[in-house]
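These are the residues of each chain, in order.
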Amino acid sequence: MNKKYKKFILIESAVILGIIFLWIFINSKLILLVPKCTIREYLGILCPGCGGTTCVSNILRGNFIEAAKANIIIFIAIIYFIILNIVYIINTFKKKQILKFIYLKEKYVYVWLGMYLIFEIMRNI
């Protein structure tokens, strides 16, 4: 088997197992074990991760509007990685690569971090 396909199968298997684990975790009583946010509890402000668990939970249940309301930046990041994964799957099997500009680049990380910082400041005003 081609080295490229072995890497693809390994990555996709990890993604699928991760989604299955999240779905089982969120739809069971284990979700109650997630600790409360210490920053929100003691300082009274929303931390960057506040709403992240709710966002993922709502995405797995198909409540996309509620997921976006919980934490829009995490929602956008999850949607981006889903699209990135689909493009990666398509490009693995096609000879002509499509949408290569969507692959993760350093400048995308800086833009995302900047948006996240602005979002957190605006959310706590």
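The model shown is predicted, which means the values in this text are computed figures rather than measured ones.

Thresholds, definitions, all that
Residues numbered from 1 in each chain as written. Predicted model: local features only at pLDDT ≥ 70, side-chain atom pairs only at ≥ 80, totals over all residues. Heavy atoms only, no water. Helix = DSSP H or I, 4+ residues; strand = E, 2+ residues; numbered from the N terminus. Rg over C-alpha atoms; globule rule 2.2 N^0.38 Å. Contact = heavy atoms within 4.5 Å. Areas by Shrake-Rupley, 256 points an atom, 1.4 Å probe, with all protein chains shown as cover. Lys, Arg positive; Asp, Glu negative; His and termini not counted. Charge placed at Lys NZ, Arg CZ, Asp CG, Glu CD. Core = buried A, V, L, I, M, F, W, Y, C linked by side-chain atoms within 4.5 Å. Buried < 20%, exposed > 50% of the residue type's maximum accessible area, 1.4 Å probe, protein only. Patch = residues over 30% accessible without salt bridge, like charges linked within 9 Å, V, L, I, M, F, W, Y side chains within 5 Å. Salt bridge = Lys/Arg side-chain N within 4 Å of Asp/Glu carboxyl O. Expected span 1.5 Å × (residues − 1). Arc of directions from axis to C-beta.

We now examine the overall build of the chain. Counting secondary structure elements, the chain contains 6 helices and 0 strands. Listing each helix as α and each strand as β along the chain from the N terminus yields α-α-α-α-α-α. Computed over its C-alpha atoms, the radius of gyration of the chain comes to 17 Å, more than 25% above the 14 Å expected for a compact globule of 125 residues. With the C-alpha coordinates of the chain rotated into their principal frame, the extents come out at 55 × 35 × 25 Å. The contacts in the chain between residues at least 6 apart in sequence include a share of 48% that link residues at least 24 apart. Summed over all atoms, the accessible surface of the chain reaches about 9400 Å², with 74% contributed by carbon and sulfur. Looking at charge distribution, the chain has the averaged site of its 16 positive side-chain charges lying 14 Å from that of its 5 negative ones.

Further remarks concern the nonpolar core. If you look at the biggest cluster of nonpolar residues, it comprises 9 residues: Cys55, Ile59, Ala67, Ala70, Ile73, Ile74, Phe75, Tyr116 and Phe119. Elements supplying a minimum of two residues to this core: α3 (52-61), α4 (64-70), α5 (72-93) and α6 (106-123).

Turning to the environment of lysine 7, a few remarks are in order. Tracing the sequence through the fold places lysine 7 in helix α1 (residues 3-26). With relative accessibility at 52%, the residue lysine 7 sits in the exposed group.

Once that is clear, we can look at α3. Every buried residue of α3 is listed here: Gly52, Cys55, Ser57, Asn58 and Ile59. Directly after α3, the chain includes glycine 62, whose backbone phi takes a positive value near 90 degrees.

Okay, a nonpolar patch on the surface next. A grouping of Ile16, Leu17, Ile20, Trp23 and Ile24 is seen on the molecular surface, where their side chains present a nonpolar patch of about 530 Å² in accessible area. Within the secondary structure, isoleucine 20 is located in helix α1.

With that settled, consider unusual backbone geometry. In this structure, leucine 99 is a non-glycine residue whose phi angle is positive, near 50 degrees. In this fold, leucine 99 is placed in the loop between α5 and α6. For leucine 99, a relative accessible area of 41% gives the class partly exposed.

Further remarks concern α6. Here α6 is 18 residues long and its end C-alpha atoms lie 26 Å apart, about the 26 Å a rise of 1.5 Å per residue gives. Among the residues of α6, those classed as buried are Tyr116, Phe119 and Glu120. Summarising the axial view, the buried residues of α6 lie within an arc of 95 degrees, below the 170-degree limit, and thus occupy one face. Every exposed residue of α6 that faces more than 90 degrees away from the buried side is listed here: Lys107, Tyr110, Val111, Leu117, Ile118 and Met122.

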